[in-house]
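The residues making up each chain are set out below.
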Amino acid sequence: MTPTLTSPPLPASSPAEKLTLAAVAAGLLALLLAWADADAARRNTWFWLAMGSVSAGTLAWSWLKYGQHPAGVQQDNLWLRASTGRGAVAWVTGLVLTGFYVVLYWFSDGDGKGNFGLLNNLVHPLDGFSQWLRAKPADQWFLYGTFYTVAVLVMGGRALWKYRHSRYQVIRTISVMFFQLGFSFLIPGLLQFFQKPEFYFNYFWPLHYQYLWPNDVHDLIKNGQALGVFMVFWGAVMSFVATPVLTYFYGKRWYCSWVCGCGGLAETAGDPYRQLSDKSRTAWRWEVRIIYPVLALIIIITALLWVNAAEHGDVLGDAGPVAAKWYGFAIGSVFSGVIGVGFYPIMGSRVWCRFGCPMAAYLGLLQKHFSRFRISTNGAQCISCGNCSNVCEMGIDVQQYAQRGAPIVRASCVGCGMCSTACPRGVLNLENGPREGRTQASPLIHADSLRILS
């Protein structure tokens, strides 16, 4: 009988871990009951019970799973689990996330009377919190912002336990949690509380493209007055001055891995799926074919809108607003939301950052051609374990660089540093300069140079 290779059995979870996972499952069930319950009082109870149970259960499980074991990157069994290896659980999760985004964007518009379509029963439990923070009732976008922020904070707690041995990862995780909570949630809410325009100081053009569109600039200045002028000035300076300068010194990691909310969600809630990114050359070709045309498209639309505004609408007529609307639909909604997050469990956590984000394209061009940043490799130390490539969420086959001792100077690299953190031999090092010799490989001793028997 011919022997066959079989997959080893998955390690059994401890009773304590099963209890915490049961709390998470109970929280998800409570959220479903909140969505379906017509009674307002019970609905509120179910909703807040769900939020507490899911959050506490996830944090407790993270402490048991990672905090009670030796520190270090442990990626064991990821491809064997149905939740992280594109199994049935992953597909169900992807469908649920995709469905939520579809409902959020197209089936939950408010009717002006407090009805938010299919999300109505989940929006209203947040009315009290929204009144306290923003001085107005909740809507579908406040619900989304709350879910998004809780996901980053809770899964950020998981990341802190998992990567507690790496000072870089701990500080980076705290950074994305801080910017999401403060700059993407609390500050925009407080601005509305004081009847000022809602503004996200950690998003800039071309990612938040509307901040430099004529009509939105006019509205900011009109409704925000002096603060509105500062908001416009802030957005322009961050896009065209601060971004090139910071990227020159630190690469795109200063934004994509430390500040951006999209990257923050990918690095926290998306961490279990980072190994799913396609490392093939075909995927890289599609990456180049899509992301740079998206950047070119938003540059063209922005330029045309300003020309049209200068000519009082005589150049484009109604075509300008229509083009802007379709860009917002196709890129701002479908790509960044439905695909960008909904496909986490199937394609990895950086689908949007890798294939569609115009800010990532802009930063990537600066990083590749003008930055001091690189990841150096010591090929003589590489043992070809593949850990570095496995954890790269941007689809870079880090191992083949490390084997050759070649530095990684790629436009797509977000500088998360996970490849360096996962390397057991210290082969990879994130460096900020100098530019001289930036693309030069480290010297290797080739086999032809060895003359042991001669």
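Above this note sits the structure.
Just so you know, these numbers come straight off a predicted model, no measurement behind them.

Peer 1: Which residues make up the packing of helix α3 (residues 88–106) against helix α6 (residues 140–162), and what values go with them?
Peer 2: Interhelical geometry of α3 versus α6 gives an angle of 150 degrees and a closest axis separation of 10 Å. Taken together, α3 and α6 sit at an angle that is classed as roughly antiparallel. Like other packed secondary-structure pairs, α3 and α6 cross with a definite hand, here left-handed. Two secondary-structure elements touch here, α3 through Phe100, Tyr101, Leu104 and Tyr105 and α6 through Gln140, Trp141, Tyr144 and Phe147. Tallied by class, residues from the contact of α3 with α6 come to seven nonpolar, one polar and no charged.

Peer 1: Got a sec to walk through unusual backbone geometry? Specific residues and values, please.
Peer 2: Across the junction of Trp205 and Pro206, the peptide omega takes the value 10 degrees, indicating a cis bond. By the element assignment, Pro206 lies in the loop between α7 (167–193) and α8 (214–250). Look at the link from Gly433 to Pro434: it is a cis peptide, with omega at -5 degrees. By the secondary structure assignment, Pro434 is in the segment after β2 (428–431). In this structure, Ala135 takes a positive phi of about 60 degrees despite not being glycine. Take Ala135: it is sitting in the loop between α5 (127–134) and α6.

Peer 1: Quick one: what's the story with the packing of aromatic side chains, residue by residue and with numbers?
Peer 2: Tallied over the full model, the rule gives 37 aromatic pairs. With a centroid separation of 5.6 Å and an interplanar angle of 55 degrees, the aromatic rings of Phe129 and Phe142 are classed as tilted. Of the two residues, Phe129 is situated in helix α5 and Phe142 in helix α6; the sequence distance between them amounts to 13 residues. Given a relative accessible area of 27%, Phe129 falls into the partly exposed group. When the centroid spacing of 5.8 Å and the interplanar angle of 75 degrees are considered together, the rings of Phe201 and Trp234 count as edge-to-face. Separated by 33 residues along the polypeptide, Phe201 in the loop between α7 and α8 and Trp234 in helix α8 bring together distant segments of the chain. Owing to a relative accessible area of 13%, Phe201 belongs among the buried residues under this scheme. Here Arg289 stacks its cationic end above the ring of Trp286, 4.9 Å away from the centre of that ring. Seen from the ring of Tyr401, Arg404 lies directly overhead, with NZ or CZ sitting 5.4 Å from the centre.

Conventions we followed
Residues numbered from 1 in each chain as written. Predicted model: local features only at pLDDT ≥ 70, side-chain atom pairs only at ≥ 80, totals over all residues. Heavy atoms only, no water. Axes fitted to C-alpha atoms, helices over the stretch in contact; angles between N-to-C directions. Helix = DSSP H or I, 4+ residues; strand = E, 2+ residues; numbered from the N terminus. Parallel < 35°, antiparallel > 145°, perpendicular 65-115°, else oblique. Left-handed = near helix turned anticlockwise from the far one by under 90°. Contact = heavy atoms within 4.5 Å. Nonpolar A, V, L, I, M, F, W, Y, C, P; charged D, E, K, R; others polar. Phe/Tyr/Trp six-rings, centres within 6.5 Å; stacked < 30°, edge-to-face > 60°. Buried < 20%, exposed > 50% of the residue type's maximum accessible area, 1.4 Å probe, protein only. Lys NZ or Arg CZ within 6 Å of the ring centre and 35° of its normal.

Everything listed here is a matter of coordinates, which is why it stays silent on function.
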